[in-house]
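# Commentary on secondary and tertiary structure
Below are the chains, spelled out letter by letter.
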Amino acid sequence: MEGHTYHFYNLEKQLQEKLWEVLKGEHPPVLDKEEIPLEVPPQPEFGDLSSPLPLKLAGTLRRPPLSIAEKMQEALQKDLPPLVKDITVTAPGYINFHLDYTALTRSFFDAVAVEKEKYGETKGGKGKKLVIEHTNINPNKAAHIGHLRNACLGDTLARMKRKQGYEVEVRNYIDDTGAAVADIVVGLYHLKRECPRDMPFDRFCWDLYAEVNRLYEEDPALKEKEREVLRQIEAGDNEVAHLAKEVAGKIVGHHLDIMWHMGVYYNLLTWESDILHLGFWEHAWEKLREGGSLVYEEEGPNAGCWVVQLGDLEEFQDLENPDKVLVRSNGTATYTAKDIAYQMWKFGILGQDFLYDRHGLQPNGTVLWTTAPYGNKMTRFGQADEVINVIDLRQKYLQDVLRLSLHKLGFEEEAAHSIHFAYEVVSLSAATARELGVEVEEGKKEIYAMSGRDGIGVKAGDMLARMTKKATGEVAARHPEMTPEEHRKLAQDIAIGAIRYYMIKYNMNSIIVFDFNEALSMQGNTGPYLQYAYARAANILGRVEPEVAEEVDLRDISIPDELVPLERELIRRMADFPTILSRAAQLLQPSLLAEYTYNLAATFMNFYEEVPVLTAHPHRMRFRVALLQAFRQTLGNALYTLGIPAMLRM
RNA sequence: GCGCCUGUAGCUCAGGGGAUAGAGCACUGGCCUCCGGAGCCAGGAGCGCAGGUUCGAUUCCUGCCAGGCGCACCA
């Protein structure tokens, strides 16, 4: 991993190194460099960073921690670490590092001035190809807020990884041959339902899907129609198959519209029908049989099937039947089998490729490609070093089967680089469920699951519309001088910011209990709060005299000897950005970046209230203008990475 | 039955072997003669239960209790 040239970026690592060297000089090493504890102290008197290392050592060294701390302090002071001005010791045994803020600020300002919109980027992923697959909505009904969580997480992840230097290929997988689409076809073709002219097709299908599933319960013969439709879709080139393709195409159009609106973009659409017709599974089948890891069962519950045996793996030991059927006794392949073939293709080990076509230009100016039955050969897709599948936690077992099957079938390397990005689902609060017409028993349950089959859920489009409407009201009240068109534009950006932030601020393994009241909030820890901080900073900068603005240069602005606490805190937070961003990207935790950005904005809000900029003494004023320039850049970069629009007024 | 995840303030969530456990919402009370009140300040209240490891546990381990989700020759 290529290092960063600015000291502050690796500050913690450098301190760990120093402490380790000092430790090593005195005793045989008792712990690894990475295990040396370092924390942000609770009070400013204890410095900017401290280490309770002496406390940890006291036991093994059989010496009082305070005397260990003093000994280490002495050694460290002989050769101070970079950016450290002073080292103190406090009871019961902490070593405190006080930073040289003049040097830190200089170094940080220089980084921002040079890197501008690239400030925060690092190079850990350089030269690596990463495939991220997300969204993957069944093309048979309107998208709901659960799909929105998937897309927002996936898109933020892609943005974070690109900032680490990865070549990221984002794709959206369309299952256009499955039962979900077949159910819509049953409704249109067999039940002769028609979409009213004034109704968007995806909304019509939302209701139709629920209706058809309700009718299956009453009428088993209709369920038989579903199987018939599935057979026809699989056979291809008939009236029903064409209808299915048309349905899927129209719905995907709606899905893409809303995702683009949210600032979510893709590189490639992959269609299940193309995988089917190109015979991906048959290719995989041949390869796997050559490998000899597929087993044909002569007897037992899986008699007549080809299976992959997972029973000797730790994860599956306690399962009743740990073997996974890939080919049924009737000779057809299971879904997992097709998934294995597709995953093999992502890594470029299938020996078979799609044909491609241009799907169209996305609003951000990039081309969206699609797999196509009569397309062209292209070499740019696939061949991943690493694959991340963004799928909710309920599919953990299946994703484990996929990964471990790859492993057992001889693709250890690929299995190790197959990552299931698992996040919890979005459910509904009792209040919101009631609002949607779900029967809610008072005080019984507080969480209600969404269900496409039952037609229960908050549609992404409805959420966006309500958010935009609310934001329009707020903007209009604040800016009567603006035109309705300007109100609408600002409100859209605010709505996007609010929704995206809401979708990623939670830890991945916490269920989002969606409640309209909370989700529509624009106060406190929300997207609009972050946008407001940006607008406020921009507002001050816009009032700076032009000749002053001209003259302030981050690279040579003079830095006051004494900084007020809020100036220091703001600088510390901003200087942390590259570290936090790369940590969030590496740990696959967008919520870490969201939390950081909120804290950055909150620190600025405090600064804004207490520290005058324009009315400060000229020398100080110039420094604070520089500080705000750096802040606007840093917050702007963070917001961009989160996909949250930043605007000058709101 | 087996496996995974989760129990932190009235509510929604952060955090995580170490110095008084943090935010937001809600509630109460303050703050625009001063860069935009989508803001700021102040207040109360919290680590499910029981053991264990440790100088030190809310954090790690074990058990229990409570909740959620998985465990197809479905996709």
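Everything quoted here is computed from the prediction, not taken from an experiment. In this numbering scheme, every chain counts its residues from 1 along its sequence in written order. Note on labels: chains are lettered from A, ligands numbered from 1, in written order. Selection of residues for local features in this predicted model requires a pLDDT of at least 70, selection of side-chain atom pairs for listing and counting requires 80 or more, and totals for whole chains, interfaces and linings are taken over all residues.

Below, the discussion takes up the overall build of chain A. A run of H or I in DSSP becomes a helix once it reaches four residues, and a run of E becomes a strand once it reaches two; helices and strands are each numbered from the N terminus. Counting secondary structure elements, chain A contains 23 helices and 16 strands. Here the globule rule is a power law, 2.2 Å times the number of residues to the power 0.38, and the radius of gyration is based on C-alpha atoms. A globule of 650 residues ought to have a C-alpha radius of gyration of about 26 Å, and chain A, at 29 Å, matches this closely. Taken along its principal axes, the extent of the C-alpha atoms in chain A is 80 × 70 × 55 Å. Residues counted as buried form 42% of the 650 residues belonging to chain A. Remark: C-beta atoms are placed from the backbone, and a residue is labelled buried if 20 or more other C-beta atoms sit within 10 Å of its own, exposed if 12 or fewer do, or partly exposed between those counts.

When cut into domains, chain A gives domain 1 (7–99), domain 2 (129–174 + 259–425), domain 3 (430–519) and domain 4 (523–642). Start and end positions for the domains come from either an automated domain assignment or a database one. Distance between the C-alpha centres of domain 3 and domain 4: 29 Å. Contacts between the two partners involve eleven residues from domain 3 and, on the opposite side, ten residues from domain 4. Nonpolar residues are Ala, Val, Leu, Ile, Met, Phe, Trp, Tyr, Cys and Pro. Charged residues are Asp, Glu, Lys and Arg, and all others, Gly as well, are polar. Residues of the side of domain 3 that touches domain 4, tallied by class, amount to seven nonpolar, two polar and two charged. Residues are scored as being in contact if the C-beta atoms we place from backbone atoms lie within 7 Å.

Residues are classed as near a molecule or strand if the C-beta position derived from their backbone is within 6 Å of it. Around RNA strand B, a shell composed of 71 residues is seen, among which Gly178, Arg328, Tyr335, Asn507 and Gly524 lie nearest. Of all elements in the fold, only helix H2 (53–61), strand S3 (94–99), helix H13 (396–408), helix H16 (460–478), strand S16 (512–514), helix H19 (527–543) and helix H22 (590–610) reach the threshold of two or more residues within the surface near RNA strand B. The dominant element in the surface near RNA strand B, judged by the number of residues it contributes, is H19, at eight residues. Here the surface near RNA strand B is composed, by residue class, of 38 nonpolar, 20 polar and 13 charged.

Helix span, expected: 1.5 Å multiplied by one less than the number of residues in the helix. Compared with the 18 Å implied by 1.5 Å per residue over 13 residues, the 18 Å span of H13 between its first and last C-alpha is a close match. Among the residues making up H13, those that are buried are Val401, Leu402, Arg403, Ser405 and Leu406. Check the buried side of H13 and you find it contacts strand S8 (306–309), strand S9 (323–327), helix H12 (335–346), helix H14 (412–416) and strand S13 (418–423). The first or second residue beyond H13 is Gly410, which carries a positive phi of 105 degrees.

Right, let's get into the nonpolar core. Proteins that are soluble and globular tend to have nonpolar side chains buried together. Core analysis: the biggest nonpolar cluster contains 177 residues, and Val185 and Ile499 have the highest contact counts within it. Once residues lying within four places of it in the same chain are set aside, the contact partners of Ile499 are Leu148, Met262, Met463, Leu464 and Met467. Note on definitions: a nonpolar core is a set of buried residues drawn from Ala, Val, Leu, Ile, Met, Phe, Trp, Tyr and Cys, linked by C-beta atoms within 7 Å.

For two strands to be treated as a pair, DSSP must find no fewer than two bridges joining them. Where strand S2 (residues 84–90) and S3 come together, six bridges link them in antiparallel fashion. Directly across from Val89, in S3, lies its bridge partner Ile95. Between the end of S2 and the start of S3, which pair antiparallel, lie three residues, with Gly93 showing a positive phi angle near 160 degrees.

All right, on to helix H6 (residues 179–190) then. Within H6, nine of the twelve residues are buried, which leaves the element mostly enclosed by the surrounding structure. For H6, the set of buried residues is Ala180, Val181, Ala182, Asp183, Ile184, Val185, Val186, Gly187 and Leu188. In this structure, the buried side of H6 is in contact with helix H7 (201–218), helix H8 (220–235) and helix H9 (239–261). The positive-phi residue at the C-terminal boundary of H6 is Lys192, with phi of around 60 degrees.

Time to look at the environment of Leu76. On the secondary structure map, Leu76 appears in helix H3 (residues 65–78). Leaving out residues up to four positions away in the same chain, Leu76 has contacts with Lys18, Val22 and Ile87.

Next up on the list: the sheet that holds S13. The strand order across the open sheet formed by seven strands is S10-S11-S6-S5-S4-S12-S13, and the pairing between neighbours is mixed. At either end of the open sheet lies a strand with only one pairing partner, and these are strand S10 (356–361) and S13. Between one strand and the next, the sheet's axes are offset by a mean angle of 25 degrees, whatever the strand orientation. A fitted line through C-alpha atoms serves as each axis, taken over the contacting stretch for helices, and the angle formed by two N-to-C directions is quoted from 0 to 180°.

Here the focus is the packing of H2 against H3. Two elements in contact, H2 and H3, have axes separated by 8 Å at closest approach and are oriented at 115 degrees. One element, H2, and the other, H3, form an angle in the roughly perpendicular class. By crossing handedness, the relation of H2 to H3 is classed as right-handed. Between H2, through Pro54, Leu55, Leu57, Ala58 and Leu61, and H3, the contact on the second element is made entirely by Pro65, Ile68, Ala69 and Met72. Convention used here: angles under 35 degrees read as roughly parallel, angles over 145 as roughly antiparallel, angles from 65 to 115 as roughly perpendicular, and any remaining angle as oblique. Put simply, a crossing is left-handed when the front helix is turned counterclockwise from the back one by less than a right angle, and right-handed when it is turned clockwise.

Residue Pro92 is reached from Ala91 by a cis peptide bond, and omega for that bond is 0 degrees. Backbone geometry at Asn136 places phi at a positive 45 degrees, although glycine is not the residue there. Note on placement: Asn136 falls in the loop between strand S4 (129–133) and helix H5 (145–162). Classification of Asn136 as partly exposed rests on a count of 19 C-beta atoms within 10 Å. If you check the backbone angles, Asp237 has positive phi at about 55 degrees while not being a glycine. Take Asp237: it is sitting in the loop between H8 and H9. By the C-beta count within 10 Å, which is 8 here, Asp237 ends up exposed.

Taken in spatial order, the three strands line up as S7-S8-S9 in an open sheet, and their pairing is antiparallel. Among the strands making up the open sheet, the edge pair consists of strand S7 (295–296) and S9. Bridge analysis of S8 against S9 gives four bridges, and the strand direction is antiparallel. By the bridge assignment, Val308 is partnered in S9 with Lys324.

With their axes 9 Å apart at the nearest point, helix H21 (residues 565–587) and H22 run at an angle of 170 degrees to one another. With respect to each other, H21 and H22 are oriented roughly antiparallel. Only Pro590, Leu592, Leu593, Tyr596, Asn599, Leu600, Thr603, Phe604, Asn606, Phe607 and Glu610 of H22 make contact with H21, whose side of the interface consists of Leu566, Glu569, Leu570, Arg573, Met574, Ile580, Leu581, Arg583, Ala584 and Leu587. Grouping the amino acids of the contact of H21 with H22 by side-chain chemistry returns 14 nonpolar, three polar and four charged.

For any part of a model where pLDDT is low, the fine detail of the predicted coordinates should not be relied upon. What pLDDT conveys is the predictor's confidence in a given residue, as a value from 0 to 100. Per-chain confidence: chain A averages 92 in pLDDT, with 97% of residues scoring 70 or above. Across the whole predicted complex the pTM is 0.95, and at the interface the ipTM reaches 0.96.

What follows concerns the environment of Thr615. Positionally, Thr615 belongs in the loop between H22 and helix H23 (618–642). On a C-alpha basis, the gap between Thr615 and Leu53 in space is 45 Å, while along the polypeptide they are 562 residues apart.

A word on the environment of Glu117. Along the chain, Glu117 falls in the loop between helix H4 (101–115) and S4. Along the sequence, Glu117 and Asn172 sit 55 residues apart, while their C-alpha atoms lie 28 Å from each other.

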